[in-house]
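So you can see what is in the structure, the chains are spelled out below.
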Amino acid sequence: MKIQLALDRMTVEEAIEMTRQVEDYVDWVEVGTSLIKEFGTSSIRALKEAFPNKIIVADIKTIDNAKYEFQLCFEAGADLATVMGVAPPVTIETCLHMAAQYDKRVMVDLLNTNEEHIQQLRQYDAAIFCAHVSKDQQEIAGKQTSAHAGIRKSLSAEWAVAGGISLDSLDILAKLSPTVVIIGSAITKAANPKAAAKQIKEYILSIEERAHA
Ligand SMILES: O=C(CO)[C@H](O)[C@H](O)COP(=O)(O)O
């Protein structure tokens, strides 16, 4: 299981500093939607330049204009970029086409998709799917581990899980063996981000060791 650090609602300098603190405990680094909206794709470039050996995920959440947006992300150094599952099929297909051209990858965010829609999306098997509980949903209904778990039943491909994940919810989620666990606030808003990331990494390693024992 990879840990993807989600960097949101901070400056690019703060994002770099945050990543430096926790880089030993995270595998992928996500330039969050909020950073891309506030600072543009130069935020992606800055993170890739600072961490050339990390997989940099551009959480651009494309819903249209896929060729333009994915080109921007990949030219800025992203290794992977996100598209919304609710986007028209032509948009998702264009993202996959762009990723193939650049030898990069696509993550399909399953926010607000239903079971039937997820079945249709399964054809895009080069993508990583992301079971995502949104910030707005979290604020109204709290951390919805069951919502993440429900989506998992529909997937067989590589998949990620995101949205309000903390050490507590990891207990259930990690047993579902997602390919990627996306964690933002539980690390970036912790009193000691390095200690929080270390604890999460060690917890995931312990689960994986038990699974292989
Ligand atoms: O995509 C996102 C927000 O739309 C975040 O990357 C995702 O929710 C992870 O952050 P957090 O753990 O703080 O919820």
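Reading guide: rules and limits
Residues numbered from 1 in each chain as written. Predicted model: local features only at pLDDT ≥ 70, side-chain atom pairs only at ≥ 80, totals over all residues. Heavy atoms only, no water. Pairing = 2+ DSSP bridges. Helix = DSSP H or I, 4+ residues; strand = E, 2+ residues; numbered from the N terminus. Axes fitted to C-alpha atoms, helices over the stretch in contact; angles between N-to-C directions. Contact = heavy atoms within 4.5 Å. Parallel < 35°, antiparallel > 145°, perpendicular 65-115°, else oblique. Left-handed = near helix turned anticlockwise from the far one by under 90°. Nonpolar A, V, L, I, M, F, W, Y, C, P; charged D, E, K, R; others polar.

1. Description of the sheet that holds strand β2 (residues 28–31)
So, point 1. Ordered by their spatial adjacency, eight strands build a closed barrel running β1-β2-β3-β4-β5-β6-β7-β8, and the pairing between neighbours is parallel. Strand-to-strand twist of the sheet, defined as the mean angle between neighbouring strand axes without regard to direction, takes the value 25°.
So, point 2. Relative to the sheet, helix α5 (residues 89–102) contacts β3 (55–62), β4 (80–84) and β5 (105–109), its axis offset from that of β5 by approximately 155°.

2. Considering the packing of helix α1 (residues 12–22) against helix α11 (residues 193–212)
So, point 1. Following both chains from N to C, one finds α1 and α11 inclined at 50°, their axes separated by 8 Å at the closest point. Considered as vectors, α1 and α11 are oriented oblique to each other. Between α1 and α11 the crossing geometry is right-handed. Side by side, α1 and α11 meet where M18, Q21 and V22 of the first sit next to P193, K194 and A197 of the second.
So, point 2. Residues of the contact of α1 with α11, tallied by class, amount to four nonpolar, one polar and one charged.

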